[in-house]
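Okay, here's what each chain looks like letter by letter:
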Amino acid sequence: MGHPQTRYVDVGGAEVAYQVVGQGPPDVVYVTGFGNVDVRWEDPVWAAFLERLASFGRLILFDRRGTGASAAIPDTAMPTWEEWADDVRAVLDSAGSERTVVFAENDGGPTGLLFTAMRPDRVSGLILANTTARRLRAHDYPIGIALEAVDDVAEMWTAGWGTPDMVSRVFPSRANDPEFAQWVAKFLRACATPKNAAAQLRYIFESLDAREALPLIRIPTLVLHSKSNLAYSIEEGRYLADHIDGAKFVELPGGDVAVFTSAPAIEEIGEFLTGERPEVEVDRILTTLLFTDIVGSTERAASLGDQAWRSLLDAHDRTVRDHLRRFRGREINTTGDGFLASFDGPARAIRCALAVAEATQALGIDLHLGLHTGECEVRGDDLGGLAVHIAARIGASAGPGEVLVSSTVKDLVAGSRLDFVDQGDHQLKGVPRSWRLYQAVP
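Worth saying up front: this structure is predicted, and the values here are computed from it rather than measured.

Right, let's get into the overall build of the protein. Secondary structure assignment for the protein yields 14 helices and 16 strands. Over its C-alpha atoms the protein spans a radius of gyration of 25 Å, differing by no more than 12% from the 22 Å that the globule rule assigns to 442 residues. Looking at the protein as a whole, 55% of its 442 residues qualify as buried. Once local pairs closer than 6 in sequence are excluded, the contacts in the protein between residues at least 24 apart make up 70%. Accessible surface computed for the protein: about 19600 Å², of which carbon and sulfur atoms make up 49%.

The sheet contact formed by strand β10 (residues 330-334) and strand β11 (residues 338-343) spans four bridges and is antiparallel. Looking at the pairing, Arg330 lines up with Ser342 of β11.

This structure, assessed with the given rule, holds zero disulfides. The thiol of Cys352 is unpaired, and the distance to the nearest cysteine sulfur, on Cys376, comes to 17 Å. Using a relative accessible area of 0% as the deciding quantity, one classes Cys352 as buried.

Our next topic: the sheet that holds strand β7 (residues 221-226). The strands that make up a sheet are held in pairs by hydrogen bonds between backbone atoms, and each pair lies either parallel or antiparallel. An order of β1-β2-β4-β3-β5-β6-β7-β8 is seen for the eight strands of this open sheet, with the pairing classed as mixed. Where the open sheet ends on each side, the last strands, each with one partner, are β1 (7-11) and β8 (248-252). Going from strand to strand, the sheet's axes swing by 25° on average, the running direction of each strand aside. Each of β3 (27-31), β5 (100-105) and β6 (123-129) is contacted by helix α3 (residues 109-118), which is oriented at about 160° to β6, the strand it contacts most.

This part covers the packing of aromatic side chains. Inspection of the entire model under this criterion finds 14 aromatic pairs. Aromatic side chains Tyr30 and Phe103 sit 4.6 Å apart centroid to centroid with 10° between the ring planes, which places their arrangement in the stacked category. Of this pair, Tyr30 sits in strand β3 while Phe103 is found in strand β5, placing the two residues 73 residues apart along the sequence. Using a relative accessible area of 1% as the deciding quantity, one classes Tyr30 as buried. When the ring of Phe34 is compared with that of Trp161, the centres are 5.0 Å apart and the planes differ by 65°; the resulting orientation is edge-to-face.

Turning next to the nonpolar core. Membership of the largest hydrophobic core comes to 56 residues, with the highest contact counts inside it found for Phe49, Leu50, Leu59, Phe103, Phe171 and Leu224. Apart from residues no more than four positions distant in its own chain, Phe49 is found in contact with Tyr30, Phe103, Val259, Phe260, Ile266 and Ile269. By size, the runner-up hydrophobic cluster in this structure holds 45 residues, among which are Ala117, Leu214, Val223 and Ala241.

Reading the values: rules and limits
Residues numbered from 1 in each chain as written. Predicted model: local features only at pLDDT ≥ 70, side-chain atom pairs only at ≥ 80, totals over all residues. Heavy atoms only, no water. Helix = DSSP H or I, 4+ residues; strand = E, 2+ residues; numbered from the N terminus. Rg over C-alpha atoms; globule rule 2.2 N^0.38 Å. Buried < 20%, exposed > 50% of the residue type's maximum accessible area, 1.4 Å probe, protein only. Contact = heavy atoms within 4.5 Å. Areas by Shrake-Rupley, 256 points an atom, 1.4 Å probe, with all protein chains shown as cover. Pairing = 2+ DSSP bridges. Disulfide = S-S within 2.5 Å. Axes fitted to C-alpha atoms, helices over the stretch in contact; angles between N-to-C directions. Phe/Tyr/Trp six-rings, centres within 6.5 Å; stacked < 30°, edge-to-face > 60°. Core = buried A, V, L, I, M, F, W, Y, C linked by side-chain atoms within 4.5 Å.

Function cannot be inferred from these measures alone, as they are strictly geometric.
So, in C-alpha cells, the structure goes:
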C-alpha cells in the first residue's frame, strides 16, 4: 500500500496530524491514545493490520493533540476530554467524512465514547478495544485502580518509556523479538517524552470518568478485550459491554495491550464492519518443529519453593533461547515450562535439541524433547495444524533427557552422520495411525 500522506488540520490553534487510507463506505476513524501516524507503519504486523482495516472501508488515522506528529502540549496544561473529542470532529471534517465507525483503543477509548455520545449524528458504529470508562476505583466502581497506586504506575511507565523493557509488559506475545522491542522503544519516543507521557497518564487516571456516556450510546457496539493484558483488566472491558445497550463482548486470547497482533480481532472487526466474517489468509510452510517440556515440573516447583523455582526456570529459559539463536531456531511460543520452536532444517533442529538437553541437564533439569517435520499453517507469528500436535505428542512420549523424532525427521537427515535408536511404533494420543519413533543420540 505504501506510506500514506500525512496531512494537518487546525483545531483551536493546534495542528493535528492525520492520514486517510483506502476507500469507503464505511469510514472508520481509528482513535488511539499515544501514537504516531508515521512510525506506526514501520512495524510490518501493525502495517498489515491497518491495510486489512482499510480493505473494509476508508480508514482515517490521527494523532491526538499532545502525541506523535500532532502539536505538543505542556505538562501542566492538558486538553479537556471534550477538546480531545473535538480532534475527532476536526479530522472527520477535514477528511470529508459525514458519518463514521469509531474504533477506539486504549486511552483513546474515552475520547471515542464521548464523541459518540455527543455527536450521534456522525457515528454509525462503535468498536472499543482494550479500554475503559474510568481508571480510578470508586465506591460504585470497585474494578478501578486505587488512587494511592497512581504514583507507582506513573513512575513505572516513566522509567520504561522509550526503552525495549516496555515490550514484555505491553506486548508479551512478541517479548522475545529483539527487533520489535527496539521498534516499540522508538515508537514510544516518537509519541511523547517520558515526562510528558507520565503527565498525560496521570491526567487520564485522575480526570477520566466517561461512565455517563455509556447509556447514551444507541448504535451497534463491539467490545474487544485481551484476556490477560496488564494495562486494562478484563473486568473493565466487561463493564463497558454491560452498560452499553446491545453491545457485543468478545474476549481475545493473550495479553497484548493493542489488538493489531490478534488474528481473531481482525475477524471480529471485519464482520462488524461488513456483515460477513472475512476469510483469514493462511499460509502453509514445511518446517521442523521442536517441543520441549520440563520433566516433573510441578513436583520440582513444590519442592524448591516459588523463588528458587522461578530462578531455575529463568535459567532454563535463557539456556533454551541461547541455543535457539545458535542453531537459527525461531521461538513460536512457550507453555510455562516448555517451548515450541521451528527450524528451516531438520538436522539443525536435532543438533539444537541434543545441545539443549545437555545444557539443561547441567542445570539439574531433565526435558522431554520431540521433533517432527510437517506442513503447518502460519497465522501471524503462530503455527497451527496437525504437525504441531504430532510434535507435541512425540515430545510427551520422550523419556527424561531423550530427544525423540518421527520417522519423517530421521529420513530427511539421512547422510548427516546423526545417530538414532529405533524406539518402535507408538500410538500418539489423538493422532491417526501408529508412528515409528527414533531416539536421537549424541
